[in-house]
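The residues making up each chain are set out below.
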Amino acid sequence: ASAPSPSAPPTGSPLSTVENAIPSSGATTSSASNTSTSAPEKMSNLLGEAKALYRKGDFNGTISRYQTILQEKPKSPDALAGLIRVYLKQKNVDLAAKTAEQALQLSDSPRVRTAHAEVLFRQGRIDSAQKEWVNVINTGSPEARAYFGLYRVRHAIAMFKSGETLLNKAHELDPS
């Protein structure tokens, strides 16, 4: 049997690579001091790369970028939610659900809650997903995907007019 490729999705805990990648208190990272790019810029670049790879359909590359981000910043809501969405896109709902549960323990952010609701929706737990999206919106967080999720619920139950309003709000918050 051959070893799995480094860009293949993890087989155990979806966030286990993050837990193992956190440096101990005595560890030093000399490469960070030698780079001219600041940590926030590096994270922003990696997020941008991950999103671009996701749109191209390179899910293994996307997973790799998100895991790199999570090694530096284990509670990154963008990376955690992105990882969940990649697993959903790969039709691996079980791994997405497991990742969502672990992500909620690390970061109870609106972005992670929205991705968790997407998992619930995919599992057919429409009422639970709807409640989660409503809770996110009620926090005042401008999560376009929460509005889009509610649009999907309204569309599924043939409430097209109110669904269209939610879809327009989602596009207003995030045109892409």
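Definitions and cut-offs
- Residues numbered from 1 in each chain as written.
- Predicted model: local features only at pLDDT ≥ 70, side-chain atom pairs only at ≥ 80, totals over all residues.
- Heavy atoms only, no water.
- Helix = DSSP H or I, 4+ residues; strand = E, 2+ residues; numbered from the N terminus.
- Contact = heavy atoms within 4.5 Å.
- Core = buried A, V, L, I, M, F, W, Y, C linked by side-chain atoms within 4.5 Å.
- Buried < 20%, exposed > 50% of the residue type's maximum accessible area, 1.4 Å probe, protein only.
- Salt bridge = Lys/Arg side-chain N within 4 Å of Asp/Glu carboxyl O.
- pLDDT = per-residue confidence, 0-100.
- Polar contact = N/O pair within 3.5 Å; in protein donor to acceptor, adjacent residues only side chain to side chain.

## Focus on the environment of K75
Mapped onto the elements of the fold, K75 is located in the loop between α4 (59–72) and α5 (77–89). With 34 residues separating them in the primary sequence, K75 and S109 have C-alpha atoms 9.4 Å apart. The residues contacting K75, other than those within four sequence positions of it, are L80, L106 and S107.

## Re the nonpolar core
By size, the foremost hydrophobic cluster in this structure holds 26 residues, and its most contacted members are Y66, I69, L83, I84, Y87, A96 and V119. Elements that contribute at least two residues to this core include exactly α3 (39–56), α4, α5, α6 (93–106) and α7 (110–122). Residues W133, A146, L166 and L167 belong to the second largest nonpolar core, which totals 15 residues.

## Some points on the pattern of salt bridges
With the rule as written, the count across this model stands at 8 salt bridges. Residues D108 and R113 are paired through a salt bridge, measuring 2.6 Å at the closest nitrogen-oxygen approach. For D108, a relative accessible area of 52% puts it in the exposed group. Its salt-bridge partner being E172, residue K169 comes within 3.7 Å of it at the nearest N-O pair. Of this pair, K169 and E172 both sit in helix α10 (residues 160–173), 3 residues apart, which is roughly one turn of that helix. K169 gets classed as partly exposed once you look at its relative accessible area, which sits at 29%. What you see here is one network of salt bridges that share partners, running through D78, R111 and E143.

## A short note on the side chain of T62
Relative to the helices and strands, T62 is located in helix α4. In contact with T62, other than residues within four places in its own chain, are A50, L53, Y54 and V86.

## Some remarks on the confidence of the model for the protein
Per-residue confidence for the protein averages 82 on the pLDDT scale, and 78% of its residues sit at or above 70. At the level of individual helices and strands, the protein shows its lowest average pLDDT in helix α2 (residues 30–34), which scores 38, and its highest in α7, which scores 97. Note on residues 1–12: pLDDT under 50 across the span, and 11 contacts to partners over four residues away in sequence or across chains. Confidence drops under pLDDT 50 across residues 16–35; counting only partners more than four residues distant or on other chains, this segment forms 6 contacts.

## Let's talk about the side chain of H116
Take H116: it is sitting in helix α7. Using a relative accessible area of 10% as the deciding quantity, one classes H116 as buried. Here the side chain of H116 touches E132 through a polar contact of 3.4 Å, side chain to side chain.

## Some thoughts on unusual backbone geometry
The backbone of K91 sits at a positive phi, close to 65 degrees, despite the residue not being glycine. Examined against the element boundaries, K91 turns out to sit in the loop between α5 and α6. Classification of K91 as exposed rests on a relative accessible area of 68%. The phi angle at A158 is positive, at roughly 60 degrees, despite the residue not being glycine. Position of A158 among the secondary structure elements: in the loop between α9 (144–156) and α10. The class for A158 is partly exposed, based on a relative accessible area of 48%.

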